[in-house]
Amino acid sequence: MFDFTGRSVCVTGAASGIGRATAALFADLGATVFVADRDEEALNAFAAERPDRLRAVAFDQSELASVEQLAHAVGAVDVLVNNAGVLLYEPLSELRWADLSHVISVNLTGAIALSRLVGQNMVARGRGAIVHTGSQLAYNGAEFRSVYAATKAGISQFVKTAALEWGPKGVRVNCVAPGRTLTPLNQHLLQDPASHAESLKRIPLGRFGQPQDMANAFVFMASDAAAYVTGHTLVVDGGWILP
Ligand SMILES: NC(=O)c1ccc[n+]([C@@H]2O[C@H](COP(=O)([O-])OP(=O)(O)OC[C@H]3O[C@@H](n4cnc5c(N)ncnc54)[C@H](O)[C@@H]3O)[C@@H](O)[C@H]2O)c1
């Protein structure tokens, strides 16, 4: 069920953190993986580690033309892990229009545009799996992350309707919602001892997530083991949102 030999996968945000770990796991499981990111240098260095399995495609998810180019380059993949994203950590009263627009254009507009374009290829073939990256912040509030949380809640809602429309055409659409995970995205929080200790107290499993924890969930959602799962957001947060 977890053998991806002969299958093609596209992972965005693959130059770092969760996307990189997920792309590496799919490659280990036999897939050919298109790794896509705006950080061309890190992306090319990663792809060079596994030239037999990884194909680098640079793109910028905030630009529709670039999203279209990526969709064209990857063609009819079996799996899309729609993961590239940015965090916006700004008090609501100081929120700047440019920052607001940017985080929405990457996390919501660009992500939806990519799923629409790649998903249409899957629909034409009658099969495929799309897995978005959401966040536990679709479920609970966190100060200074209002817009970021709104984009991730939007993704969880998007996958429900996309799954309704495309289920009858053989395409599953799901979401993995990470809790706090040890990646460069939230270094500033992880380096703040007070925030670090306070957050750890709230996690029943007693640790932050590792990129590998998320990669495992993406592979499950994309695999035949999840053949009857669609429109679902799988929260992978060590239990943070339970209380
Ligand atoms: N780390 C966490 O605690 C956490 C928690 C919940 C959700 N997430 C989500 O997980 C996903 C991956 O984040 P991560 O933690 O691995 O962070 P990361 O910063 O390590 O990786 C994000 C990647 O996305 C790329 N990216 C950013 N903007 C882009 C754009 N416009 N076009 C193309 N690529 C772009 C970056 O270059 C980077 O390689 C994001 O969607 C993030 O919102 C992370």
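Each chain carries its own residue numbering, running from 1 in the written order of its sequence. Predicted model: local features are reported for residues with pLDDT of at least 70 only, side-chain atom pairs are reported and counted for 80 or more only, and whole-chain, interface and lining totals are derived from all residues. With hydrogens and water excluded, all non-hydrogen atoms of the structure serve as input to the side-chain values.

Peer 1: Got a minute to help me understand the overall build of the protein in this structure?
Peer 2: We count a stretch as a helix when DSSP gives it H or I for four or more residues in a row; a strand needs E for two or more, and each element gets its number in order from the N terminus. In terms of helices and strands, the protein carries eight helices and seven strands. Taken over C-alpha atoms, the radius of gyration comes to 17 Å for the protein, in line with the 18 Å a tight globule of 243 residues would show. Once the C-alpha set of the protein is aligned to its principal axes, its extents read approximately 50 × 40 × 40 Å. The proportion of buried residues among the 243 residues of the protein is 50%. Contacts were defined at the residue level, with two residues in contact if any of their heavy atoms lie within 4.5 Å. Summarising the internal contacts of the protein: among those between residues at least 6 apart in sequence, 69% fall at separations of at least 24. Placing the 19 positive and 22 negative side-chain charges of the protein at their respective mean positions leaves the two points 7 Å apart. The size measure is the radius of gyration over C-alpha atoms, and the globule rule it meets is 2.2 Å times the number of residues to the 0.38 power. Relative accessibility under 20% of the residue-type maximum defines a buried residue, over 50% an exposed one, and the middle range a partly exposed one, all with a 1.4 Å probe and only protein chains included. Lys and Arg are tallied as positive, Asp and Glu as negative. Neither His nor the chain termini are counted. Where a charge lies is defined by one atom per residue type, namely NZ (Lys), CZ (Arg), CG (Asp) and CD (Glu).

Peer 1: Explain the nonpolar core to me, please; I cannot follow it from the model alone.
Peer 2: Nonpolar side chains in soluble globular proteins tend to be buried together. Each nonpolar core is a collection of buried residues, namely Ala, Val, Leu, Ile, Met, Phe, Trp, Tyr and Cys, held together in the definition by side-chain atoms within 4.5 Å. Val11, Phe26, Val33 and Val35 are the most contacted members of the largest nonpolar core, which has 30 residues in total. Element by element, the count of residues in this core is highest for helix H8 (residues 211-222), at seven residues. For Val35, the contacting residues outside a window of four places in its chain are Val11, Ala14, Ala23, Leu43, Phe46, Ala47, Leu54, Arg55, Ala56 and Val57.

Peer 1: Just to check I follow, could you spell out the layout of surface pockets for this structure?
Peer 2: Gaps left between atoms show up when a probe the size of a water molecule is rolled over them. Grid points spaced at 1 Å over the protein atoms alone were grouped into cavities, where a 1.4 Å probe fits but cannot get out, and pockets, open sets with protein on both sides within 12 Å along at least five of seven lines, with lining residues defined by an atom within 4 Å of a point. Grid points are joined across faces, edges and corners, and a volume is the space filled by probe spheres set on the points. Looking at the largest pocket, its volume works out to about 1,000 Å³. Considering the residues around the largest pocket, the lining is formed by 47 residues, among which Leu87, Tyr148, Thr183, Leu185 and Asn186 are closest to the centre. Going through the elements one at a time, helix H1 (17-28), helix H4 (97-125), helix H5 (146-166) and helix H7 (193-201) are the ones with two or more residues in the lining of the largest pocket. When residues are sorted by character, Ala, Val, Leu, Ile, Met, Phe, Trp, Tyr, Cys and Pro go into the nonpolar class, Asp, Glu, Lys and Arg into the charged class, and all the rest, Gly among them, into the polar class. In the lining of the largest pocket, the residues fall into 17 nonpolar, 20 polar and 10 charged.

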